[in-house]
Amino acid sequence: MALGLAALLFIVLCALPVFYMLGVSLVGADGAFSLNHYFRLFAEVRQLDLFLNSLLLATATSLLATAIGAPLGVLLARADLPAKRALRILLIIPLAVPPYVMGLAWIYMGSDSGIIAQATGRDFLSPLTYSLTGAVIVLSVSFYPLAMLAAEAAARGVDARMEEAALLVAAPRRVLWRITLPIAAPSIAAAALLIFVLALSEFGVPGLLRVPVFTTEVFTAFSALYDFGAATALAVPLLALALMAGITARFMIGERLLVGRRGARNRSPLSLNSRRAGLAVTIALALFVLLPIAALALETGRAERMILALRSSVEAITNSLTLAFVGATMAALIGLLLGYARARMHRFAGTVDLAMIVAFAAPGTVIGVGLIGLWNRPGLMEEIYRSRLIILIAYLARLIPVAALILAAGARQVPASFEEAGEVAGAKWTRVFARITVPQMRAGIIAAWVVSFILAFGELGATVLVAPPGQATLPAHIYTLIANAPSGEVAALALTQSAVVMTLLALFAVFVFREKRLHS
Amino acid sequence: MKTHAALIATLALVALNACAPATSMDEVVIYVSQDRVFSEPVLLVYEQKTGVRVRAVYDTEETKSTGLANRLLAEKNNPQADVFWSNEPVRTLVLKERGALAQYISPQAEGIPSVFKDPQGYWTGFSARMRVIVYNTRLVKETEAPRSIFDLTDSKWKGQVAIADPRFGSTSFHVAALYAELGDERADEFFRKLKANDVKIVPGNSVVRDMVARGEVKMGLTDTDDVNVAIEDHQPVAMVLPDGDGIGVPVMPNMISLVARAPRAEAGKRLIDYLLSAEVERMLAASEAVQIPLRAGVEGPKHMPALSSFKPMTMDYDKAADRVEDVTKRLQTILGL
């Protein structure tokens, strides 16, 4: 029953807004059924450029982010590094900073008065600042932590005994390439797919760096032409691209996912050169964490700007915290049930994956307008629409698919035989699920919660359309203030938002650290 | 663990709902696309004066999110807002055309010149901004600065001019006004020349101003309030009101409208009366927004010329609104957006 409820919630919260908007896109100007919005997709030369740009941006970002993140993850799992926990948290920071803020930092770095020009005496970034390459770099820095986390978790899941055996006959490097990485590859590829979809559906960075892609085109259809039908039709190629990526990934990975074992938690005998590992991690920290923050801080200039920005945002911060907390918890819970159901499916499992990927790729604005259409109706629905619950619903619409994708992977790593043993012993399904399955999925649940929380905390596209009067979230609040502010204040606000997320991340690290110690 | 999580989620939901604001008789809901820093103080004064609770939704900059006009259109079947306050005409005109606005002629609108009022009462203009040329005072001498937007196509300024994306916000008003004034052929020609002169097209008017202030380009087109914020921040910029002796200076009034089938229409009308008062024009003139009053006899901002001292560019607003889609598409092709 719980599974049925979760499926129902997915359909109502995530699928319905998208279907509602697809319905809108099939209505012509005269109110009758019409395919005009779709004919346009094929009639305009411009559409082909958009398609290529979107594809290029998502593919290149996915590859570059994985190329940065995966090695870092392997190092965190298999190299002898000091203060690993702190390093991991520091390296996750770029994910917690909204991509748009990363984009601002990138812009501030360029220009002849930017931080790079001041440090090196030459301004070699400017030609790249507003370009597809620039967007790829910014988004890769924003999303590499996903590949890093996936690679680390997967590498840790590799059974140490296999590496031990291989080390008898081969050098560590060879063992890494031939044993550890191939086993970890499916998880890394899954993260690459997630990054592809994130880059595909990102609006802030291509908008800022003036790269025309489908998300910016959807935005133009809404914002310049007020044409909901055309906007939704323009989102369809984007969904198709996500679908294609999902199918490609499925072809490459299939159902192959490593089965972790309790024994796999043994300390790995594989230890990579710690000096070189330390150097790599230091460079990564300097480039991806310190440099962007320094660029923002430099632009902010005066410290009192930060304090002022923080003071004006207290209410929005509390609002965002509460909503993102509840949203992430609910998304993780519903995602857990959905992910579990999908992992234990024999048929249609692939279809479910693809549905989640497509739902996740839907642009926030399309979901936001869809939510208004669905929920703003007289009666009980209107009561919900007028309250903060609608923001929560917007979060869930965006987050349930990603939580379910992460947790489906987690659930597949729990051997069905464990559950069968529980059932043979006479335990009911709920008991088996709560006592055997869930504890084994702990890492996945935490990962899904953290990713959901971060994405909820930064969500703008849908929430800004539905937030009731006086209930702005932090991103919405910041964007309403940015409108006219001098760039110093914009940088201060951007830093504020990042600082809030970083503080949370640090608190979370302390909390998890404590909990782990208790467990051991 | 699952039951715990479910319990926490349920409790949190209940808590969230409990804090949701209750609707009361003495309140009014306004959607504001005027910058929050400028509009919030004005609305606070109304709250203090009348005791009516003003619940506002503020817009983000037009290039950053899809904004309130879309929300009003999406909510059209079951309106939640009573009043819409726009800081430029295009959005209001689109909403009028789509039937999202209601007629209301406020007694307070009397002193406002009729060019800034909809004859049918769907909108009333007040406090205006102008579209101006902003230039970097370290790179361009005052005597050298262009006096007309047509000077921006001069090869002397090749690669040195920035404008905001003309599909959005106040720039979309400016181009609509230009197409209405010049006709398609001459307007197309102007933008083709701008493009040939390597005009930089950036996400917003504040970005234009920042690029000029930093010296990345020498000049650009932007709004008076954007320039003023930079001047008060002691940045090296100055502005020129263009074409005062030619086609006229593009004047961009705020527009206030009653939302069609507003749930609290009476409260909405009272708020509109207040926003159209001389007091509000005075407040907006004195603020950093330096908006010029449309009424004669209201004291304007210190460093801005009065409306009566230059030739404003007048336009048929409804005609311009009809052309928004067409103009957008023309510019997409000409400027390669």
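**Q** It is not clear to me how helix 3 (residues 67-74) of chain B should be interpreted in this structure. Could you clarify?
**A** The α-helix winds at 3.6 residues per turn, so residues separated by three or four positions along the chain end up facing the same way. Summarising burial for helix 3 of chain B: 7 of the 8 residues are buried, a large majority. Restricting attention to buried positions, one finds in helix 3 of chain B the residues B:G67, B:L68, B:A69, B:N70, B:R71, B:L72 and B:A74.

**Q** What am I meant to see in the pairing of strand 5 (residues 124-136) of chain B here?
**A** The side chains of a regular strand alternate, residue by residue, between the two faces of the sheet. Residues and elements named next belong to chain B. For strand 5, the tally of buried residues reaches 13 of 13 residues, placing the bulk of the element in the interior. Pairing analysis gives 6 bridges linking strand 5 to strand 10 (residues 249-259), with the strands arranged antiparallel. Bridge assignment links F126 to a residue of strand 10, and that residue is N254. Here strand 5 pairs with strand 9 (residues 237-240) via 4 bridges, running antiparallel.

**Q** Which parts of the structure should I look at to understand the packing of helix 5 (residues 169-182) of chain B against helix 6 (residues 184-196) of chain B?
**A** In a packed pair of helices, the relevant descriptors are the angle between the two axes and the axis-to-axis distance. Residue and element names in this part refer to chain B. Two numbers describe how helix 5 lies on helix 6: the axes approach to 6 Å, and their chain directions differ by 130 degrees. With respect to each other, helix 5 and helix 6 are oriented oblique. Seen from above, helix 5 lies across helix 6 with right-handed handedness. On helix 6, the residues touching L178, Y179 and L182 of helix 5 are D184, R186, A187 and F190. Per-class residue counts for the contact of helix 5 with helix 6 are 5 nonpolar, no polar and 2 charged.

**Q** Would you take a moment to explain the domain arrangement of chain A for this structure?
**A** The parts lose accessible area when they come together, and the size of an interface is often stated as this lost area. All names here are of chain A. Domain assignment breaks chain A into domain 1 (1-24 + 302-520) and domain 2 (44-300). Each of domain 1 and domain 2 has a C-alpha centre, and these two points are 20 Å apart. Counting from both sides, the interface comprises 44 residues of domain 1 and, opposite them, 44 residues of domain 2. Among the elements of the structure, helix 1 (2-25), helix 15 (303-311), helix 17 (349-361), helix 18 (364-375), helix 20 (389-412), helix 23 (442-458) and helix 26 (487-519) are those that each provide at least two residues to the side of domain 1 that touches domain 2. If one sorts the elements of the side of domain 1 that touches domain 2 by residue count, helix 26 sits on top with 15 residues. Here the side of domain 1 that touches domain 2 is composed, by residue class, of 31 nonpolar, 9 polar and 4 charged.

**Q** Where do I start with the confidence of the model for chain A in this structure?
**A** Low-pLDDT stretches of the model should not have their predicted coordinates read in fine detail. All names here are of chain A. Averaged over every residue, the pLDDT of chain A is 83; the share at 70 or more is 92%. Within chain A, no element has a lower average pLDDT than helix 6 (residues 115-120), which sits at 69, and none a higher one than helix 3 (residues 45-78), at 92. Note on residues 258-264: pLDDT under 50 across the span, and 16 contacts to partners over four residues away in sequence or across chains.

**Q** Any chance you could explain helix 12 (residues 324-335) of chain B here in plain terms?
**A** Residue and element names in this part refer to chain B. In this model, helix 12 (12 residues) spans 16 Å end to end at C-alpha, consistent with the 16 Å of a helix rising 1.5 Å per residue. Among all positions in helix 12, only V324, V327, T328 and L331 are buried. Here the buried residues of helix 12 occupy an arc of 100 degrees about the axis, which is enough to place them on one side. Of the exposed residues in helix 12, those oriented more than 90 degrees away from the buried face are D326 and T333. Tucked into the core, helix 12 has its buried residues touching helix 4 (89-97), helix 5, helix 6 and helix 11 (317-322).

**Q** Explain the domain arrangement of chain B here, please?
**A** Residues and elements named next belong to chain B. For chain B, the assigned domains are domain 1 (25-128 + 253-304) and domain 2 (129-250 + 325-335). On a C-alpha basis, the centroid separation for the pair domain 1 and domain 2 is 26 Å. Contacts between the two partners involve 12 residues from domain 1 and, on the opposite side, 16 residues from domain 2.

Thresholds applied
Residues numbered from 1 in each chain as written. Chains lettered and ligands numbered in written order. Predicted model: local features only at pLDDT ≥ 70, side-chain atom pairs only at ≥ 80, totals over all residues. Buried ≥ 20, exposed ≤ 12 C-beta atoms within 10 Å, placed from the backbone. Helix = DSSP H or I, 4+ residues; strand = E, 2+ residues; numbered from the N terminus. Pairing = 2+ DSSP bridges. Axes fitted to C-alpha atoms, helices over the stretch in contact; angles between N-to-C directions. Parallel < 35°, antiparallel > 145°, perpendicular 65-115°, else oblique. Left-handed = near helix turned anticlockwise from the far one by under 90°. Contact = placed C-beta atoms within 7 Å. Nonpolar A, V, L, I, M, F, W, Y, C, P; charged D, E, K, R; others polar. Domains from an automatic or database assignment. pLDDT = per-residue confidence, 0-100. Expected span 1.5 Å × (residues − 1). Arc of directions from axis to C-beta.

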